[in-house]
Amino acid sequence: LHARPLPAYCTFQYYFIFLGWPSWTRFCYRPGVSLLRLQHEGNDEDEKQVLVGQHLYGLRPPKAFPKYEHKDMIPLDSSRYFSWDNQLLLPEDHNMDDRYIMVSRMKVLRLPHLMPPVHVVQQNRDFCETLKIYEDDESLNLDQCEGFLHHALNIHANRVRES
């Protein structure tokens, strides 16, 4: 029995807003990924690996990807594309417009320090202070705004694929 993927979000502090997008999108562009730790034999810390799944359309992390059996299809330090029904897509065999999920296999590296450098901590605090202003704005619900962006990007991608 294998564990289910764990969803996570990546927040980009230096995300530049697209021309014409409202300023709140800076805090809603948080691409979601799902992580699945691979089991390994032995006690060697250098051998820990993870599968990372990411939707190619929209922002939310995939709920059903990656799957444990993907480990046999994806070499370390590389990525593969899958259709929505879990079919491996090879560039020479399929129209790459069918790509739905990207799954990557990565080695888990130990951090050199428990805390980031002081200037990075300060940048994070500054970002969070600005984010708090938007969170306190009763006219905005950032979770709903993120959902709007997720669906808008998904619809746009579908229109591009259909044209």
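Here the structure is a predicted model, which is why all the values come from computation and not from measurement. (Residues numbered from 1 in each chain as written. Predicted model: local features only at pLDDT ≥ 70, side-chain atom pairs only at ≥ 80, totals over all residues. Heavy atoms only, no water.)

**Points about the pairing of strand S6 (residues 101–107)**
Note the cut-off: Using a 1.4 Å probe on the protein chains alone, a residue whose accessible area is under 20% of its type maximum counts as buried, one over 50% counts as exposed, and one in between counts as partly exposed. Runs of H or I in DSSP of at least four residues are treated as helices and runs of E of at least two as strands, each being numbered from the N terminus. One requirement defines pairing of two strands: DSSP has to find at least two bridges between them.
Extensive coverage of S6 is indicated by the burial of 5 of its 7 residues. Pairing geometry for strand S3 (residues 49–55) and S6, over 7 bridges, is antiparallel. Paired with Gly53 across the strands is Val103, a residue of S6. Pairing between strand S4 (residues 78–82) and S6: 5 bridges, direction antiparallel. For Arg80, the partnering residue across the bridge sits in S6 and is Val103.

**Focus: the packing of aromatic side chains**
Pairs of aromatic rings are described using the distance from one ring centre to the other and the angle between the two planes. Quick reminder of the rule: Ring geometry is summarised as follows: Phe, Tyr and Trp rings, the Trp one being its six-membered ring, pair when their centres sit within 6.5 Å, and such pairs are stacked at plane angles under 30 degrees, edge-to-face over 60 and tilted between the two. Two limits define a charge over a ring: the Lys NZ or Arg CZ must be within 6 Å of the ring centre, and within 35 degrees of the ring normal.
For the structure on display, the rule yields 0 aromatic pairs. Note that Lys67 overlies the ring of Phe65, its terminal NZ or CZ placed 5.3 Å from the centroid.

**Quick word on the side chain of Ser34**
Our working rule: Any N or O atom pair separated by 3.5 Å or less is treated as a polar contact, with the protein-specific requirement of one donor-capable and one acceptor-capable atom, and with residues adjacent in sequence counted only for side-chain atom pairs. Contacts are residue-level and defined by heavy atoms, with any inter-residue pair within 4.5 Å sufficient.
One can find Ser34 in strand S2 (residues 32–38). Within the structure, Ser34 has its side chain in polar contact with the backbone oxygen of Pro62 (distance 2.4 Å). With residues near it in sequence (within four places) discarded, Ser34 still touches Pro5, Leu6, Pro7, Leu51, Val52, Gly53, Pro61, Pro62, Phe65 and Pro66.

**Some words on the side chain of Ser104**
Among the structural elements, Ser104 can be located in strand S6. Within the local environment of Ser104, its side chain forms a polar contact with the side chain of Ser79, the two groups lying 2.5 Å apart. Once residues within four sequence positions are removed from consideration, Ser104 is found in contact with Val50, Leu51, Val52, Ile74, Ser78 and Ser79.

**Regarding the confidence of the model for the protein chain**
Put simply, the rule is: What pLDDT conveys is the predictor's confidence in a given residue, as a value from 0 to 100.
The predicted model of the protein chain has a mean per-residue pLDDT of 76, with 75% of residues at 70 or higher. Confidence drops under pLDDT 50 across residues 159–163; counting only partners more than four residues distant or on other chains, this segment forms 3 contacts.

**Considerations on helix H1 (residues 118–136)**
How we decide: Each residue after the first adds 1.5 Å to the expected span of a helix. Directions drawn from the helix axis to the C-beta atoms are what define this arc.
A rise of 1.5 Å per residue sets the reference length of H1, with its 19 residues, at 27 Å; its end C-alpha atoms lie 27 Å apart and thus fit the reference within 8%. Where H1 is concerned, the buried positions are Val121, Phe127 and Leu131. Axial view of H1: buried residues confined to an arc of 125°, hence all on one face. Residues of H1 that are exposed and point over 90 degrees away from its buried face: Val118, His119, Arg125, Glu129, Ile133 and Asp136.

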